Amino acid sequence: MPPDRPSLTIVVPAFNEGPNIEPVVGEIRQTIEREPAIPSYEIVLVNDGSRDNTRAVVERLAREWPNV
């Protein structure tokens, strides 16, 4: 696998999950980062037309965490 491609991709669909998406992503990150067999990863968050603040939270997480 080329070095610029993650070895694992996790896709998380979200519909009106503004309050929940950050804790879920945090748990995913903690779990993956404890696993030495996964050298690189990405988390793809899919905002499925939410009408709450899901988009804003997803955009902030993408800025703060390079794997998102």
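Residues take numbers from 1 onward in each chain, read along the sequence in its written order. Note on the predicted model: pLDDT of at least 70 is required for a residue's local features to be given, and 80 or more for side-chain atom pairs to be given and counted; whole-chain, interface and lining totals, by contrast, use all residues. In computing side-chain properties, one takes all heavy atoms of the structure into account and sets aside hydrogens as well as water.

Draft legend 1. Just helix H2 (residues 54-64), in detail. Among the residues of H2, those classed as buried are Thr-54, Val-57, Val-58 and Leu-61. Down the axis of H2, the buried set is contained in an arc of 100°. They therefore lie on one face. Residues Arg-55 and Arg-63 are exposed on H2 and point more than 90 degrees away from its buried face. Here a residue-residue contact requires only that any non-hydrogen atoms of the pair lie within 4.5 Å. Helix and strand assignments come from DSSP, with helices taken as H or I runs of at least 4 residues and strands as E runs of at least 2, each series counted from the N terminus. Those residues of H2 that are buried are in contact with strand S1 (8-14), helix H1 (18-33) and strand S2 (41-47). Under the scheme applied here, a residue whose accessible area is under 20% of the maximum for its type counts as buried, over 50% as exposed, and between as partly exposed, the area being computed with a 1.4 Å probe on protein chains only. Relevant arc is that of directions from the helix axis to the C-beta atoms, nothing else.

Draft legend 2. How the structure looks around the pairing of S1. Strand direction decides the pairing type here: S1 and S2, joined by 7 bridges, are parallel. Following the sheet pairing, Thr-9 is matched in S2 by Glu-42. Note on handedness: a crossover is taken as right-handed if, strands pointing away from the viewer, the path from the first strand over the helix to the second is clockwise. On the question of chirality, the crossover connecting S1 to the parallel S2 by way of H1 is right-handed. Strand pairing follows a simple DSSP-based rule, namely that at least 2 bridges must link the two strands.

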